[in-house]
Amino acid sequence: MKMSLYIGREASKLWKRASAEAVTEGILLADNWKYLLAGIFGQYLHGLAAHGVHYLHRPGPTLQDTGFFLLPELGLERAYVSETLFTFIFVSFILWTFHPFIFKNKKIYTVLLWCRILAYLVLCQALRVVTFYSTQLPGPNYHCREGSPSARLPPPKDAIEIITINFPDGLVHGCGDLIFSSHMIFTLVSVITYHRYGTHRFIKQLGWVLAVVQSLLIIASRKHYSVDVVVAWYTVNLVVFFVEKKLPEMPDRMAMTMLPLSTKDKDSWNTKEENHKLNMSALADPSSDRNQRLRSPVNSKTTLEDGSNALLIADSQ
């Protein structure tokens, strides 16, 4: 009986916490949905470009590659190993970006973080499209080699075939989109983002180790040449560095003071809720003067409440 009451109480707290976070993130989403939509559309354009270059791919002898000499070939029957690790890294990262809806300690805003992530991805993928359309190399992957039925694509029958990217086969069995590795773009963006905004040192170190292992597995699986992985390592890091220099600093929620509302505070809920909306809009608009005041520890006081109430930010001027 006590266990049931405890579980029910904890479930109620979790629901209230998730509801309060949904209100906060909803305000940010209303101000930033255009950036998120543009980033998602950029993912589609990248997939469209990668499918298009497959029509230009011509299979040929595998190029001489240092990584192929140094790393034993996993073979077609063990090619799933690199995909399994990649899926683990990226899915774990996506789940982490939504942890503010569940956990009490929160450092990031999910909406603002995904605006940054999509900015990283779109710029990296734009550079990738330019490089693999500049020169088409014979793919080292098994389905891209001479004799494979998917190594060459017949001319498209209609525009629908191009627009739909021959989903899902067009994404899984693509050829020609080599320099540089798309898998490494997603892997490195995940690891770098957590390194900047995560809180657990061990996970940060583990992330970099897994990124190195992922690089070696991609080459051992013959999915990419070594140059595709090497170029991805320095290009993604440089793109993230450039984007972070251009974008304003993202608000750090852990710098806020955790204080519960008193009964007196709750009587003035409507007024504070209006202040909350105004301040959340200021966070979403980095150029506003109000945002500068919010981010200054001298001119402002920040109060974050958890549970049944939403985030309240009030100036102390």
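Note that the coordinates shown come from a computational prediction; the quantities given were computed from them, not determined experimentally. (Residues numbered from 1 in each chain as written. Predicted model: local features only at pLDDT ≥ 70, side-chain atom pairs only at ≥ 80, totals over all residues. Heavy atoms only, no water.)

## Remarks on the environment of leucine 247
Here leucine 247 lies in the loop between α9 (226-246) and β1 (257-258). Take leucine 247: its relative accessible area is 34%, and that puts it in the partly exposed class. When the C-alpha atoms of leucine 247 and arginine 116 are compared, they prove to be 8.5 Å apart, with 131 residues separating the residues in sequence. (Helix = DSSP H or I, 4+ residues; strand = E, 2+ residues; numbered from the N terminus. Buried < 20%, exposed > 50% of the residue type's maximum accessible area, 1.4 Å probe, protein only.)

## Here we look at the UniProt feature "transmembrane region" (unreviewed entry) in the protein
The UniProt record marks residues 79-99, 111-133 and 178-195 with the feature "transmembrane region" (unreviewed entry), using the residue numbering of this structure. End C-alpha to end C-alpha, residues 111-133 measures 33 Å, and it is 100% helix and 0% strand. Along residues 178-195 one finds 78% helix and 0% strand; the C-alpha atoms at either end are 27 Å apart. (UniProt positions renumbered as here; feature names shortened; annotations may be inferred.)

## Observations regarding the pattern of salt bridges
A side chain with one charge may pair with a side chain of the opposite charge, provided their charged atoms come close. Scanning all chains against the criterion turns up seven salt bridges. Lysine 106 is the salt-bridge partner of glutamate 21, the closest N and O atoms lying 3.3 Å from each other. A residue pair is termed long-range when its members are at least 10 positions apart, and glutamate 21 in helix α1 (residues 2-54) and lysine 106 in the loop between α3 (80-97) and α4 (110-134) qualify at 85 residues. Both residues of the pair, glutamate 21 and lysine 106, belong to the buried class. A salt bridge links arginine 196 to glutamate 244, with the shortest nitrogen-to-oxygen separation between them at 3.3 Å. Here glutamate 244 lies in helix α9 and arginine 196 lies in helix α7 (residues 182-197), a separation of 48 residues in the sequence. In the salt-bridge network here, residues are joined through shared partners; they are Arg116, Arg196 and Glu244. (Salt bridge = Lys/Arg side-chain N within 4 Å of Asp/Glu carboxyl O.)

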